[in-house]
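The primary structure of each chain is shown beneath.
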Amino acid sequence: MSAEVHSPGNPAGGSRRRGRARLDLRRLGRVALLGGASSRDGLPHALEHVAKAHRGFYPDADIRTLRTAYLLAEDAHRGQMRKSGDPYITHPLAVTLILAELGAETTTLTASLLHDTVEDTEVTLDQVRSGFGEEVAYLVDGVTKLEKVDYGAAAEPETFRKMLVATGSDVRVMSIKLADRLHNMRTLGVMRREKQVRIARVTHDVLIPLAERLGVQAIKTELEDLVFAVLHPEDYARSRELLLANAGRPDPLEQTAAEMREVLHAAGITAEVAIRPRHIVSVHRVLQKRGELRGTDFGRLLVLVPEAADCYAVLGELHTCFKPVPAEFKDFIAVPKFNLYQSLHTAVADQRGYVVETLVRSRQMHRVAEAGVVALASPLARPAAGQVGDWLKRLLEWQRATPDPDAFWSALREDLAPDQEITVFCDPGGPLVLPAGASCVDAAYARHGETAHTLVGARVNGRLAGLGTRLRDGDAVTLLLAPEASGPAPEWLDHAQTPAARIAITRWLGDHPAAQPADAAIPLPADYVPAAPAAPGSPAHGEAAAPAGVPAADAPGDDVATDGAPADDAPPGDAPADGIPRAAEPAVAELPGATPRLARCCTPVPPDAVTGFVIRGGAVVAVHRAQCATVARMAAAGRRELRVHWRTGEGAPPADLRVTLKAEAFVRAHLLADLTEAIAAEGVAIVAADVEPPHEQRVRHTYTLQLPDPAGLPGLMRAMRKVPGVYDVSRAQHPAGAEGQAPGLRARTR
């Protein structure tokens, strides 16, 4: 279904889908410039290929609207040239042909012919609306880019935000954008190398995952090959050479296909058996997985039948007459993929011992597998089609909660990252698709949106499970909600993997900064006088024993730990009878019966000036750095401060305290490796690391570190500043992965 035959996705020169030959756009450009119309039906010659492809799906289609749209576009773009030297009109023509071959209806094709007129010519959206109707105008507006002069660096992310919002009402907007990017990628060779890489990277991170989610495999596979050629030219060349070398050999799949035809014919099953060659990226993946390729690895067999019920009849015959490979069987008909894809996947060994991957599907399934949402019969019903509509709805919900363009752009790319996905069965609601590694918290926000703030527990496969439990493919999940629940705790951010969950949790925490358990406010001694933070090394007063192992508070900022470890990890027990604090307690609070816990939001270490706040009904004192933003927030909420100081002498703070450092640097290769090497050279262990997405050629690294000796902190910071490209190292307010940080590369060790 490609508009052309020769492309990086098809090096052997034959059409992978046996479609029509790719058009000579230079010839079309000359035709467009010279004008003229065919004598048969008055169509411009340049539009005949589009009309022929369109009538193949819609024999009774009215082509007059396409003719009018083409004439307007040709007149508006007259005199404009592409960087390749072709007349600009060849671009909307090629985009329209791609969509016509996928089976798009007339309205989509009309909008694709006009998709650049409002952006690049004097034609206005009102003119499009008056000439072609509100529907076409909506699609054209949806794919029109925002001006850099108005939005600056935010133009690209805000353009994608605009397109996604429009796609939420009509997915044809994204169909046009995908076809537009496909033709631009085909002609990318005329661009500068750095611009090729930038466009290919955005295509890889955003457009290809969108094509996958919308089920448009015909566009997705060609985009993958084109991007692969730009970003990984050496691997691309190697895989292409393997394909070319295999093209000259006898195909072992031919004999297996003939045997399958005989088996199915003898069983009275009407079916077409065809060889489906792999594209270049697919060959590369198989090569990475197996190390070397056999003759049957360069393609798969595709069996097409008239009806869905025939698929299982075919499967029964294949598994009876050939030896099946049980681990390779997957039923995507009973449980379709999130992008509407349906098919039976199996692998069988023929009489020669060759293992052949086989796909079985109906012809309608095949059309949807190739064209996705473009192939659906009712264009206006597309947003509600299965889980495609569910995913778009979730995307629109969290993008509204992310007004910052950089944060939205980073979250979008992370959400679309092509990681492995799992399907869990959620009660109530049915199947739910989540990224691999998702937790019960992610499942709750994916299913219930902001109602998931009331999540109190979960059952996985019938057993009670923690909210941070990582789900596996096929798990049955029951989410327990309680309307009276107090809302999410900061620890939920450690469990959340999806942008939708993290954004919703962070937003709630930001809206409820003073939220505390009902028992958090406690009476203090009548003679207690609040004081400024104690200076480091001040003498101890009122040292007292207290139960260890009290969990951290639920409120933001009261997230505390002892020796840098989560408070929940501290062993239960009482202090010795002599009343001397345990060695694990590096700080002392002037409140009898309370146990100090170091706050994870600011990771205080000696000799920081510190202060404290009573939490957990008086059993725990959260110890914060004096400069911590939580201190001001708690004071504004009316919370009283306690004197806190570090123990000295024999009771000096123990080793292995945790601290969080923030390194600001200019973007360069190997920066992460050099920084981690500098940290390791100081004898410091990295507990967690967070690398935010680069912005304006600058990048921020945040490290949570295990200090063997707090006195070595200044030397560590100096060593990090000496790394080339690093221009500042400072104490961070939040640890890696905490609230308010943009999603980036995260690593955590235990």
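Here, the structure is the one placed above.
**Points about the overall build of the protein chain**
Point 1. Along its length, the protein chain carries 26 helices and 24 strands.
Point 2. By sequence separation, contacts in the protein chain at least 24 residues apart represent 69% of the contacts at least 6 residues apart.
Point 3. Here the protein chain displays about 32900 Å² of accessible surface, and carbon together with sulfur accounts for 53% of that area.

**Focus: helix α14 (residues 233–247)**
Point 1. Along its 15 residues, α14 runs 21 Å from first to last C-alpha, staying within 8% of the 21 Å computed at 1.5 Å per residue.
Point 2. Three or more residues of α14 are buried, namely Tyr236, Ser239, Leu243 and Asn246. Down the axis, α14 shows its buried residues gathered within 95° of arc, on one side only. In α14, those exposed residues whose orientation departs by more than 90 degrees from the buried face are Glu234 and Glu241.
Point 3. Those residues of α14 hidden inside the fold are in contact with α13 (217–231) and α16 (280–290).

**Some words on the environment of Leu139**
Point 1. Mapping Leu139 onto the fold places it in helix α8 (residues 134–143).
Point 2. Taking the relative accessible area as the measure of exposure, Leu139 reaches 0% and is therefore buried.
Point 3. Among residues more than four places away in sequence, those in contact with Leu139 are Thr107, Thr108, Ala111, Asp170, Arg172, Val173 and Ile176.

**Considerations on the sheet that holds strand β10 (residues 463–465)**
Point 1. Spatially, β8-β7-β11-β9-β10 is the arrangement adopted by the 5 strands of the open sheet, whose pairing is mixed. Where the open sheet ends on each side, the last strands, each with one partner, are β8 (430–435) and β10. Strand-to-strand, the axes of this sheet are offset by a mean angle of 40°, without reference to chain direction.
Point 2. Relative to β8, helix α21 (residues 440–448) is tilted by about 120°, and along the sheet it contacts β7 (421–427), β8, β9 (455–460) and β11 (476–481).

**Observations concerning the packing of aromatic side chains**
Point 1. Tallied over the full model, the rule gives 3 aromatic pairs.
Point 2. Here the aromatic rings of Phe332 and Tyr341 are separated by 6.0 Å at their centres, their planes lie at 70°, and the arrangement is edge-to-face.
Point 3. Take Phe332: its relative accessible area is 16%, and that puts it in the buried class.
Point 4. According to the relative accessible area criterion, Tyr341 is buried, its value standing at 11%.
Point 5. Where Phe666 meets Tyr727, the ring centres are 4.9 Å apart and the plane angle is 45°; that geometry is what we call tilted. One end of the pair, Phe666, is in strand β20 (residues 657–666); the other, Tyr727, is in strand β23 (residues 726–731), with 61 residues separating them in the sequence.
Point 6. Residue class for Phe666 comes out partly exposed when judged on its relative accessible area of 41%.
Point 7. Look at Tyr727 and you get partly exposed, because its relative accessible area is 37%.
Point 8. Positioned above the aromatic ring of Phe332, the side-chain terminus of Lys337 is 4.9 Å from the ring centre.
Point 9. Looking at Lys337, its charged tip hangs above the ring of Tyr341, at a distance of 5.2 Å from the centre.

**Let's talk about unusual backbone geometry**
Point 1. The linkage connecting Pro606 with the following residue, Pro607, adopts the cis geometry, with an omega of 5°.
Point 2. Mapped onto the secondary structure, Pro607 falls in the loop between β15 (595–599) and β16 (610–615).
Point 3. Within the chain, Thr603 stands out as a residue other than glycine whose phi angle is a positive 40°.
Point 4. Relative to the assigned elements, Thr603 resides in the loop between β15 and β16.

**Some thoughts on the environment of Ala500**
Point 1. Relative to the assigned elements, Ala500 resides in helix α23 (residues 499–511).
Point 2. Residue class for Ala500 comes out buried when judged on its relative accessible area of 19%.
Point 3. Taking C-alpha positions, Ala500 is 9.7 Å from Leu396, a pair spaced 104 residues apart along the chain.

**Notes on the packing of helix α7 (residues 125–132) against α8**
Point 1. Following both chains from N to C, one finds α7 and α8 inclined at 145°, their axes separated by 7 Å at the closest point. In this structure, α7 meets α8 at a crossing whose hand is right-handed. On α8, the residues touching Leu125, Val128, Arg129 and Phe132 of α7 are Glu134, Val136, Ala137, Val140 and Asp141.
Point 2. Across the contact of α7 with α8, the residue classes break down as 6 nonpolar, no polar and 3 charged.

**Let's talk about the pattern of salt bridges**
Two side chains of opposite charge can pair, provided their charged atoms sit close to one another.
Point 1. For the structure shown, the criterion picks out 28 salt bridges.
Point 2. We note a salt bridge from Arg64 to Asp62, for which the minimum N-O separation is 3.0 Å.
Point 3. Residue classification places Arg64 among the exposed positions, given a relative accessible area of 62%.
Point 4. Residue Arg507 is joined to Glu450 by a salt bridge in which the shortest nitrogen-to-oxygen separation is 3.6 Å. One end of the pair, Arg507, is in helix α23; the other, Glu450, is in the loop between α21 and β9, and 57 residues separate them in sequence.
Point 5. It is possible to trace a salt-bridge network through shared partners that takes in Glu105, Glu135, Asp170 and Arg172.

**Remarks on the side chain of Asp297**
Point 1. Relative to the elements of secondary structure, Asp297 occurs in the loop between α16 and β2 (299–305).
Point 2. According to the relative accessible area criterion, Asp297 is buried, its value standing at 3%.
Point 3. Once you skip the residues sitting within four places of it in the chain, Asp297 turns out to touch Arg278, Val286, Arg290 and Glu292.

**Here we look at the packing of helix α10 (residues 155–169) against helix α11 (residues 172–186)**
Point 1. Running from amino to carboxyl end, α10 crosses α11 at an angle of 130°, the nearest separation of the two axes being 7 Å. When the axes of α10 and α11 are compared, the pair comes out oblique. Between α10 and α11, the residues in contact are Met163, Leu164, Ala166 and Thr167 and Val173, Met174 and Lys177, respectively.
Point 2. A class-by-class count of the residues in the contact of α10 with α11 yields 5 nonpolar, 1 polar and 1 charged.

Reading guide: rules and limits
- Residues numbered from 1 in each chain as written.
- Predicted model: local features only at pLDDT ≥ 70, side-chain atom pairs only at ≥ 80, totals over all residues.
- Heavy atoms only, no water.
- Helix = DSSP H or I, 4+ residues; strand = E, 2+ residues; numbered from the N terminus.
- Contact = heavy atoms within 4.5 Å.
- Areas by Shrake-Rupley, 256 points an atom, 1.4 Å probe, with all protein chains shown as cover.
- Expected span 1.5 Å × (residues − 1).
- Buried < 20%, exposed > 50% of the residue type's maximum accessible area, 1.4 Å probe, protein only.
- Arc of directions from axis to C-beta.
- Pairing = 2+ DSSP bridges.
- Axes fitted to C-alpha atoms, helices over the stretch in contact; angles between N-to-C directions.
- Phe/Tyr/Trp six-rings, centres within 6.5 Å; stacked < 30°, edge-to-face > 60°.
- Lys NZ or Arg CZ within 6 Å of the ring centre and 35° of its normal.
- Left-handed = near helix turned anticlockwise from the far one by under 90°.
- Nonpolar A, V, L, I, M, F, W, Y, C, P; charged D, E, K, R; others polar.
- Salt bridge = Lys/Arg side-chain N within 4 Å of Asp/Glu carboxyl O.
- Parallel < 35°, antiparallel > 145°, perpendicular 65-115°, else oblique.

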